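# A structural walkthrough
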Amino acid sequence: MQAKKVIDHIQSWLLNYVDQAGAKGFVVGVSGGIDSAVVSSLCSRTGKDVILMEMPIHQAHDQVSRGKKHIEWLEKKHDNVSSIDMDLTPSYDKFVRALEKNQDINSHTDLKFHTLSNVRSRMRMVSLYAVAQLNSLLVCGTGNKVEDFGVGFFTKYGDGGVDLSPIADLMKSEVYELGKALGVNKDILTARPTDGLWDDGRTDEDQIGATYDELEWAMKVQQKHGDNPPENVFENSRQENIWKIYLERHKANTHKMKPIPVCEIPKELMK
Ligand SMILES: NC(=O)c1ccc[n+]([C@@H]2O[C@H](COP(=O)([O-])OP(=O)(O)OC[C@H]3O[C@@H](n4cnc5c(N)ncnc54)[C@H](O)[C@@H]3O)[C@@H](O)[C@H]2O)c1
Ligand SMILES: Nc1ncnc2c1ncn2[C@@H]1O[C@H](COP(=O)(O)O)[C@@H](O)[C@H]1O
Ligand SMILES: O=P(O)(O)OP(=O)(O)O
């Protein structure tokens, strides 16, 4: 990949899109992870208004401080960049208490944590859109190709609810390459990817059972062979297992990758 040229390409794409939309710039949630670090850096380079939002919800300290450091770096470097620190923890806690009054969430621990992880992501989406509308900005997405079109590892209408998606045609390893070329700091480049949505601090790899490199490999297998690759594609049992993990997630999450189904009314019923 020609990283510098890809950066210029995305920068022009962002500029063209925001201009034709008649918006003033972008709002980006910054988590301390690589995807949001790269997207916020790319948006900052456009010269348009950029608001970077840090939105902790019972967040691990290291994630918050990586995010803050990155935001400070971009604010120093670019006059068009400003930031908002919005602690969503109290609102989230209130929401959980209200939910508990109406739903028995405590008897299904796994389902409770899973559900609430997605609530966190959706609360951030609500906050990003509020700030976007108040400032005539667009909500810029941070999903990469493996998350968005491979395993569907994002929250529907949470971090998946965005206006435009500048890095969704790049594999995770390519996002790291851009990160290096953009000068993103080492703490972010070496942090283990995590959605930061779970109190026990589990990483994406802990959740999925495969690394992003492994998932990338599986996605390439799918691109080449479809959903039924020949046996000889797999060199060992680990590869067979990764393929199973990948395909299962891909199939279960296909609904997130397509427009929502609309019930078409037969013409004869409309007469
Ligand atoms: N980028 C990241 O790393 C990132 C960000 C956020 C979340 N995550 C992770 O992603 C996962 C998201 O959880 P999820 O996928 O269970 O939640 P989700 O809310 O994204 O998707 C599940 C919901 O989709 C709907 N749905 C399910 N099947 C459907 C179908 N066939 N057609 C239409 N709609 C359907 C239902 O409303 C269901 O509750 C979690 O594990 C979370 O930790 C990762
Ligand atoms: N703590 C956070 N502050 C701001 N924005 C955040 C935070 N955590 C996540 N985000 C945004 O959501 C996407 C996806 O997050 P994952 O950590 O991959 O789940 C992230 O890129 C931020 O834009
Ligand atoms: O989306 P981010 O920025 O949180 O990156 P990662 O998923 O690598 O933590």
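Residues numbered from 1 in each chain as written. Chains lettered and ligands numbered in written order. Predicted model: local features only at pLDDT ≥ 70, side-chain atom pairs only at ≥ 80, totals over all residues. Heavy atoms only, no water.

The name an unreviewed UniProt entry gives the chain is NH(3)-dependent NAD(+) synthetase, with Salibacter halophilus as the organism. Annotation of the chain in UniProt includes, under Catalytic activity (unreviewed entry), the sentence "deamido-NAD(+) + NH4(+) + ATP = AMP + diphosphate + NAD(+) + H(+)". (UniProt positions renumbered as here; feature names shortened; annotations may be inferred.)

## Considering the overall build of the chain
The helix and strand tally for the chain stands at twelve helices and four strands. The globule rule puts the C-alpha radius of gyration for 271 residues at 18 Å, and the 20 Å found for the chain is close to it. Residues classed as buried in the chain amount to 45% of the 271 residues present. At a minimum sequence separation of 6, the contacts of the chain that also span at least 24 residues come to 75%. Of the roughly 14800 Å² of accessible surface on the chain, a fraction of 51% belongs to carbon and sulfur atoms. Considering the chain, the positive charge centre built from 34 side chains and the negative charge centre built from 39 side chains are found 2 Å apart. (Helix = DSSP H or I, 4+ residues; strand = E, 2+ residues; numbered from the N terminus. Rg over C-alpha atoms; globule rule 2.2 N^0.38 Å. Buried < 20%, exposed > 50% of the residue type's maximum accessible area, 1.4 Å probe, protein only. Contact = heavy atoms within 4.5 Å. Areas by Shrake-Rupley, 256 points an atom, 1.4 Å probe, with all protein chains shown as cover. Lys, Arg positive; Asp, Glu negative; His and termini not counted. Charge placed at Lys NZ, Arg CZ, Asp CG, Glu CD.)

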